[in-house]
Amino acid sequence: MGYNYTDLPEIDIYISSDYSNDGKVTTLQTATKGNGINIVLMGDAYSDRQIADDTYKADMENLYDNLFTEEPYKSFKDHFNVYYVNVVSATEGYEHSGAALGGYFGNGTLVGGNDNAVFDYALNAVSEEEMDEALLIVAMNSDNYAGTCYMYYPETNADYGMGVSVSYFPKGSDATTFAQLLHHEACGHGFAKLADEYAYEDMGEVPSNYVSEIQTQQNDWGWWKNVDFTSDASQVRWKHFLNDSRYQYEGLGAFEGGLTYWSGVWRPTENSIMRNHFANVENGQYFNAISRWAIWYRLMRLTGSTTATRFKNS
């Protein structure tokens, strides 16, 4: 005798039907200095009703409110244009398929999505030419803890962290954690192309072929200004900062471990946002002097470029 399927419980899935606000752009601020550096915010796995009841708006404004709380972003806030774009997904969250930007969760803290869909939505706010140097940020409609930034390889060389980026991380349930992820993934990796400063003992020594790859990206594109492969104070990339009296209380030196590797790579300070994700001045967990300089330098030098292959960092 077959099972009576009418006894199964009904699955209640809300499906969006109103896409009239999909792609609508809201300007959160316009630069009052310089040409304006573009930041485009958007959310994934939000339904039409979550846009209609201002849930989406509140999450985008929360992103914006936390973008400029750390230096040097705080002091240079007036150099940025910030927009958010409505993205209507068929379903809410990631329990069911239907996320418009294709958000997914991988192993550990790895997340990602359909970058091409992100680019298409961003084009509602910025031109294709401007896209090459835009910072694109995706808030995922989930309470999970995760975050990954994808940086696109530029086709032309420069020394200030060239290339468009897409940062993905869940909106989360804790405001402090959300801000930490934003600063690490988007403001650190995405805008300034900073390296991770944390390390795992089981990763061991950084491989020589990876060293060569990173050094090429440092020299050709201006990426990864906050790590080096020597502890020699006369040779390390931030050597000019070490004897600068302006930074004498910032704990600068050469601390082994970075790029997730335990040895063979050095970072400028014991702690920072790029090491622990936390912004806490008392514990030295903020953008260290080298990272602040990298952010400032790119901000000052930013021009357009073209992009090719992407590289992920979490």
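Colleague: Got a minute to help me understand a negative patch on the surface in this structure?
Modeller: Where like charges cluster on the molecular surface, the negative patch consists of D53, D54, E61 and D65. Following the sequence through the fold, D53 ends up in the loop between α1 (48-52) and α2 (55-67). The exposure class assigned to D53 is partly exposed, which follows from its relative accessible area of 48%.

Colleague: In this structure, what is going on with the pattern of salt bridges? I would like to understand it.
Modeller: Pairing is possible between side chains that carry opposite charge, provided their charged atoms lie close to one another. Here the structure, examined in full by the defined rule, presents 10 salt bridges. For D228, the salt bridge goes to R237, with nearest N and O atoms at 4.0 Å. Take R237: its relative accessible area is 37%, and that puts it in the partly exposed class. E270 serves as the salt-bridge partner of R275, at 3.9 Å between the closest nitrogen and oxygen. For E270, a relative accessible area of 37% translates into the label partly exposed. Each of the salt bridges in this network shares a partner with another, and the network as a whole consists of R267, E270 and R275.

Colleague: In this structure, what is going on with a nonpolar patch on the surface? I would like to understand it.
Modeller: Taken together, the side chains of W293, W296 and M300 make up a nonpolar region of the molecular surface, amounting to roughly 270 Å² of accessible area. If you trace the backbone, M300 turns up in helix α9 (residues 289-301). For M300, a relative accessible area of 39% translates into the label partly exposed.

Colleague: Explain the nonpolar core here, please?
Modeller: Nonpolar side chains in soluble globular proteins generally cluster together in the buried interior. Membership of the largest hydrophobic core comes to 60 residues, with the highest contact counts inside it found for L41, M42, L136 and I137. If sequence neighbours within four positions are ignored, M42 has contacts with Y56, M60, V85, V87, L101, V118, Y121, A122, I137, V138 and A139. Ranked by size, the runner-up nonpolar core spans 16 residues in total, among them C149, V206, I214 and F229.

Colleague: Any chance you could explain the confidence of the model for the chain here in plain terms?
Modeller: Keep in mind that low pLDDT regions are not for reading the predicted coordinates in detail. Averaged over every residue, the pLDDT of the chain is 90; residues scoring 70 or more account for 90%. This model gives residues 303-310 a pLDDT under 50, and the stretch forms 33 contacts once residues within four places in sequence are excluded.

Colleague: Just checking my understanding: could you explain α2 for this structure?
Modeller: For the α-helix, the turn length of 3.6 residues means that residues three or four positions removed from each other point alike. Relative to the 18 Å expected for 13 residues at 1.5 Å per residue, α2 spans 19 Å between its end C-alpha atoms, a close match to the ideal helical length. Turning to α2, its buried residues number three or more, namely Y56, D59, M60, L63, Y64, N66 and L67.

Colleague: For this particular structure, what's the right way to read the environment of Y297?
Modeller: Along the chain, Y297 falls in helix α9. Considered as a pair, Y297 and G222 are 75 residues apart in the sequence and their alpha carbons are 10.0 Å apart. The contact partners of Y297, leaving out residues within four places of it in the chain, are D159, Y160 and K225. Of the polar contacts made by the side chain of Y297, one reaches the side chain of D159; its length is 2.6 Å.

Colleague: Can you walk me through unusual backbone geometry in this structure?
Modeller: Keep in mind that most residues, glycine aside, have a negative phi and that most peptide bonds are trans. Backbone torsion omega between E71 and P72 reads 5 degrees, so that peptide bond is classified as cis. Residues other than glycine seldom take positive phi values, yet K193 does so here, at roughly 55 degrees. Looking at the secondary structure, you find K193 in the loop between α5 (175-192) and α6 (208-221). Its identity is not glycine, yet W224 carries a phi of approximately 55 degrees, on the positive side. Along the chain, W224 falls in the loop between α6 and α7 (239-242).

Colleague: Looking at this model, I keep getting lost on the packing of α5 against α9. Mind explaining?
Modeller: For any two helices packed against each other, the geometry comes down to the angle between their axes and how far apart the axes lie. In the contact formed by α5 and α9, the axes pass within 10 Å of each other and the chain directions differ by 55 degrees. Taken as axis vectors, α5 and α9 run oblique relative to one another. The element α5 and its partner α9 pack so that their crossing is left-handed. For the pair α5 and α9, contact is made by C187, G190, F191 and A192 and by A294, I295, R298 and L299, respectively. Class assignment for the residues of the contact of α5 with α9 results in 6 nonpolar, 1 polar and 1 charged.

Colleague: Which parts of the structure should I look at to understand the packing of aromatic side chains?
Modeller: Geometry of an aromatic ring pair is reported as the spacing of the ring centres plus the angle between the planes. One pass over the full model with this rule turns up 21 aromatic pairs. A centroid spacing of 5.0 Å and a plane angle of 85 degrees characterise the contact between Y46 and Y56, whose relative ring orientation is edge-to-face. Highlighted residues: Y46 in the loop between β2 (37-44) and α1 and Y56 in helix α2, separated in sequence by 10 residues. Overall, Y56 belongs to the buried group, its relative accessible area being 1%.

Colleague: Sorry, what's going on with α9 here?
Modeller: With 13 residues, α9 should cover 18 Å at 1.5 Å per step; its first-to-last C-alpha distance of 18 Å lies within 8% of that length. Among the residues of α9, those classed as buried are A289, I290, S291, R292, A294, I295, Y297, R298 and L299.

Colleague: In this structure, what is going on with the pairing of strand β6 (residues 135-140)? I would like to understand it.
Modeller: Moving residue by residue along a regular strand, the side chains alternate between the two faces of the sheet. Judged by how many residues are buried, β6 sits mostly within the fold: 6 of 6 residues are covered. Where burial is concerned, the two faces of β6 agree: the one with L135, I137 and A139 and the one with L136, V138 and M140 are both buried. Of the pairings in the sheet, the one linking β2 to β6 comprises 6 bridges and is parallel in character. Considered in β6, the bridge of M42 is made with V138. Relative to strand β8 (residues 165-170), β6 is paired through 6 bridges, and the arrangement is parallel. Note on β8: the bridge partner recorded for V138 is Y168.

About the thresholds
- Residues numbered from 1 in each chain as written.
- Predicted model: local features only at pLDDT ≥ 70, side-chain atom pairs only at ≥ 80, totals over all residues.
- Heavy atoms only, no water.
- Patch = residues over 30% accessible without salt bridge, like charges linked within 9 Å, V, L, I, M, F, W, Y side chains within 5 Å.
- Areas by Shrake-Rupley, 256 points an atom, 1.4 Å probe, with all protein chains shown as cover.
- Salt bridge = Lys/Arg side-chain N within 4 Å of Asp/Glu carboxyl O.
- Lys, Arg positive; Asp, Glu negative; His and termini not counted.
- Charge placed at Lys NZ, Arg CZ, Asp CG, Glu CD.
- Helix = DSSP H or I, 4+ residues; strand = E, 2+ residues; numbered from the N terminus.
- Buried < 20%, exposed > 50% of the residue type's maximum accessible area, 1.4 Å probe, protein only.
- Core = buried A, V, L, I, M, F, W, Y, C linked by side-chain atoms within 4.5 Å.
- Contact = heavy atoms within 4.5 Å.
- pLDDT = per-residue confidence, 0-100.
- Expected span 1.5 Å × (residues − 1).
- Polar contact = N/O pair within 3.5 Å; in protein donor to acceptor, adjacent residues only side chain to side chain.
- Axes fitted to C-alpha atoms, helices over the stretch in contact; angles between N-to-C directions.
- Parallel < 35°, antiparallel > 145°, perpendicular 65-115°, else oblique.
- Left-handed = near helix turned anticlockwise from the far one by under 90°.
- Nonpolar A, V, L, I, M, F, W, Y, C, P; charged D, E, K, R; others polar.
- Phe/Tyr/Trp six-rings, centres within 6.5 Å; stacked < 30°, edge-to-face > 60°.
- Pairing = 2+ DSSP bridges.

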